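Structural description and commentary
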Amino acid sequence: MVDEIKILLVDDIAETRESIKKLLAFETDFKVVGSAGNGREGVELAKELRPDIIIMDINMPDMDGLEAASLVTKAVPTVGVIMMSVQNDSDYMQRAMLAGARFFLSKPVNMDKLYSTIRSVYEQYEIIRRQYEQMQNNVGGPVLIDPDDLKKENDGDRAGHIIVVYSPQGGAGCTTIATNLASGLMREGVKVLLIDADLQFGDIGMFLNLTAQSTIADIAEDVEELDTDFLDNIVVTHDSGLKSLLGPARPALADEIRENYPDAVREIVAKINTYYDFIVVDTASTLDAVNIPLLDIATKIMLVVNPTLPSVKNSRLVLDLFDQLAYPQEKVVLTLNRANDDRRKGSGITSERIENWLKRPVSAQIPGGENVERAVLHAINKGIPLIALERDHSKSPTRDYVDLANQIYASLMGTGTEDEQEQETEKRGGLSSIFGRR
Ligand SMILES: Nc1ncnc2c1ncn2[C@@H]1O[C@H](COP(=O)(O)OP(=O)(O)OP(=O)(O)O)[C@@H](O)[C@H]1O
Ligand SMILES: [Mg+2]
């Protein structure tokens, strides 16, 4: 039996509410449980009715959809908000996603698109609902996604850590970090996969001089079909041994995935993570229906920030969203790229100031400057991760990327000393008691 998806409609135009309601009634798995004419009413109704999905207009009197989305996702963490607007530009979409929306649809709404979006968002929340049920007596409190919960779903026997490298600012250095991190995590007996989730402008293929016969585009439509044999066929292996899953070869294919199967990359990662010890995911800077679900299921998010005002400002907004989504603070590894850039003498922002602004520690740093840029570009031209290209790991910047990878490795796998293992166990005990099941 399929679940019944409870839906709340929030739109100031009664006619729109009515017509959407009628059209949703054709689908037997949908149930419209209520409707509201402005954001404030929508938030109140959501608290009372606890719907699975809210379809929300952006422009409304009294309280608009952005403010309402932000309030409602805090109050009812199990609800997925689908935002609708007649304004259809990327700026509006970013604002909607930053407010906590899961999807952005332009008006007039294509009903088939709405149907599939509702089902896809509902499915994304499966893990959050499950965790919520386990947390009795915590109505209105945060729901943390327990990465271990994902592992139960598939049958590999690896550690399955998912590391998503993200920056809200383009060109911040994500692909360079993701590639070297994946390369630096490799060691005997440890399986690592690098995934290019920057579907439209992905650079992993270029950085590693790889082309693939099959890509994410070939599985996006039917992730269910993905098994280990299929996986072996679409994963390409670099000369250095690094395994990668590349994005679609043409931007048009990327558009199709983003339009029709935005959740496909998350589904792929969630299905195969236990076949690997680490999956490193490189992402695009847009906050969209591809990236947010990936950030949800990440074990660690490497949030890449540069010492510039726009980068710090955008990182602040993203960190606020992470708080709103109840991501635990230790899930985010704030990574300062281009630290101490000597060309920006005087105007560069120090890591201390960044820590002050963002109110959390900079956990990792990669220097900037001409020498670093030259080394990084040389590696790209060779199509080899810097770590694999340079034998000497003692010199910067290779050493910095090695340190970064070692730091992540140690924090997730433990380095083996008894003290550290004890600390790890204590930490985990602490977390599971939050979930109420020790
Ligand atoms: N620490 C660094 N110092 C100097 N140059 C760097 C550093 N990190 C990356 N670069 C250079 O900056 C450019 C952008 O890096 P990269 O492609 O990794 O960023 P990105 O965040 O993936 O960008 P995009 O938004 O295009 O995906 C590259 O040419 C890279 O060589
Ligand atoms: Mg990139």
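Residues numbered from 1 in each chain as written. Chains lettered and ligands numbered in written order. Predicted model: local features only at pLDDT ≥ 70, side-chain atom pairs only at ≥ 80, totals over all residues.

Examining the overall build of the protein
The following threshold applies: For helices the rule is a DSSP run of H or I covering at least 4 residues; for strands it is a run of E covering at least 2, with both sets numbered from the N terminus onward. In this scheme the burial state of a residue depends on its C-beta neighbours within 10 Å: 20 or more other such atoms mean buried, 12 or fewer mean exposed, and anything in between means partly exposed; the C-beta positions come from the backbone. Throughout, a residue-residue contact means that the two C-beta atoms, derived from backbone geometry, are no farther apart than 7 Å.
When its secondary structure is counted, the protein shows 20 helices and 13 strands. Of all 438 residues assigned to the protein, the portion counted as buried reaches 44%. Within the protein, contacts between residues at least 6 apart in sequence are counted, and of these 74% link residues at least 24 apart.

Quick look at the packing of helix H8 (residues 174–185) against helix H19 (residues 398–413)
Two numbers describe a pair of packed helices, the interaxial angle and the distance between the axes. For clarity, the threshold we go by: Fitted lines through C-alpha atoms serve as axes, helices being fitted only where they are in contact, and the angles separating the N-to-C directions of these axes extend from 0 to 180 degrees. Helix crossings get a hand from a simple test, with the near helix turned counterclockwise from the far one by less than a right angle marking a left-handed crossing and a clockwise turn marking a right-handed one. Put simply, Ala, Val, Leu, Ile, Met, Phe, Trp, Tyr, Cys and Pro go in the nonpolar bin, Asp, Glu, Lys and Arg in the charged bin, and everything else, Gly too, in the polar bin.
One can describe the packing of H8 onto H19 by two numbers: an axis separation of 8 Å at closest approach and a directional angle of 65 degrees. The element H8 and its partner H19 pack so that their crossing is right-handed. Contact with H8, carried on its side by Asn180, Leu181, Gly184 and Leu185, involves Tyr401, Val402, Leu404, Ala405, Ile408 and Tyr409 of H19 and no other residues of that element. The residue inventory of the contact of H8 with H19, partitioned by class, reads eight nonpolar, two polar and no charged.

What to know about unusual backbone geometry
Look at the link from Lys107 to Pro108: it is a cis peptide, with omega at -5 degrees. Tracing the chain through its elements places Pro108 in the loop between strand E5 (103–106) and helix H5 (111–124). Put simply, Ser396 and Pro397 share a cis peptide bond, and its omega is 5 degrees. Secondary-structure assignment places Pro397 in the loop between helix H18 (386–389) and H19. Notably, Asp62 is not glycine yet its phi reads approximately 70 degrees, a positive angle. Assignment of secondary structure puts Asp62 in the loop between strand E3 (53–57) and helix H3 (65–75). When the 12 C-beta atoms within 10 Å are taken as the criterion, Asp62 is described as exposed. In this model, Asn209 sits at a positive phi of 50 degrees, which is unusual for a non-glycine residue.

Focus: H5
Counted only if it meets this: To estimate the expected span of a helix, subtract one from its residue number and multiply by 1.5 Å.
Taking 1.5 Å per residue as the helical rise, H5 with its 14 residues ought to reach 20 Å, and the 20 Å between its terminal C-alpha atoms agrees with that figure. For H5, the complete set of buried residues consists of Leu114, Thr117, Ile118, Ser120, Val121, Tyr122 and Gln124.

Brief notes about the packing of helix H15 (residues 309–324) against helix H16 (residues 351–358)
Running from amino to carboxyl end, H15 crosses H16 at an angle of 35 degrees, the nearest separation of the two axes being 10 Å. You can see that H15 and H16 cross each other, and the crossing is right-handed. Between H15, through Val312, Ser315, Arg316 and Leu319, and H16, the contact on the second element is made entirely by Ile354, Trp357 and Leu358. Grouping the amino acids of the contact of H15 with H16 by side-chain chemistry returns five nonpolar, one polar and one charged.

A closer look at the sheet that holds E3
Let me state the cut-off plainly: Pairs of strands are assigned from DSSP output, requiring at least two bridges between the strands.
Reading across from one edge, E2-E1-E3-E4-E5 is the order of the five strands in this open sheet, with parallel pairing throughout. Strand pairing shows two members of the sheet lacking a second neighbour, strand E2 (30–36) and E5, which therefore form its edges. Along the sheet, successive strands turn relative to each other by an average axial angle of 25 degrees, direction set aside. The pairing of strand E1 (residues 5–10) with E3 spans four bridges and is classified as parallel. Paired with Val10 across the strands is Met56, a residue of E3. Against the sheet, H5 contacts E1, E2, E3, strand E4 (80–85) and E5, and its axis sits at roughly 150 degrees relative to E4.

Overview of the site of ligand 1
Going by this rule: Note on definitions: a residue is near a molecule or strand provided its C-beta atom, placed from the backbone, lies within 6 Å of it.
With respect to spatial proximity, 19 residues lie near ligand 1, and among them Gly170, Gly173, Cys174, Thr175 and Thr176 are the closest. At the level of secondary structure, the elements contributing two or more residues to the shell around ligand 1 comprise H8, strand E12 (332–339) and helix H17 (370–382). Considering each element in turn, the shell around ligand 1 owes the most residues, four residues, to H17. Within the shell around ligand 1, the residues separate by chemical class into six nonpolar, nine polar and four charged.

Topic: the pairing of strand E6 (residues 161–166)
Most of E6 is tucked away: six of the six residues are buried. Every second residue of E6 is oriented toward a common face, with His161, Ile163 and Val165 on one face and Ile162, Val164 and Tyr166 on the other, all of them buried. Looking at chain direction, E6 and strand E10 (residues 278–282) are connected through five bridges and run parallel. Within E10, the position partnered with Ile162 by the bridge is Ile279. When E6 meets strand E11 (residues 300–305), the two strands line up parallel, connected through four bridges. Note that in E11 the partner of Tyr166 across the bridge is Leu303.

Some points on the sheet that holds E12
The strand order E8-E9-E7-E10-E6-E11-E12-E13 describes an open sheet built from eight strands, whose pairing is mixed. Whereas interior strands pair on both sides, the edge strands pair on one side only; in this sheet they are strand E8 (236–237) and strand E13 (364–367). Of the strands in this sheet, E11 and E12 are in contact with H15, which crosses E11 at around 155 degrees. Sheet strands touched by H19: E6, E11 and E13. Its angle to E13, the strand with the most contacts, is close to 165 degrees.

Side note on the pairing of E10
Burial analysis of E10 places five of its five residues in the buried class, the great majority of the element. A two-sided burial pattern is seen for E10, the buried positions comprising Phe278, Val280 and Asp282 on one face and Ile279 and Val281 on the other. Across five bridges, the pairing between strand E7 (residues 192–196) and E10 is parallel. Looking at E10, one finds that Asp196 is bridged to Asp282.

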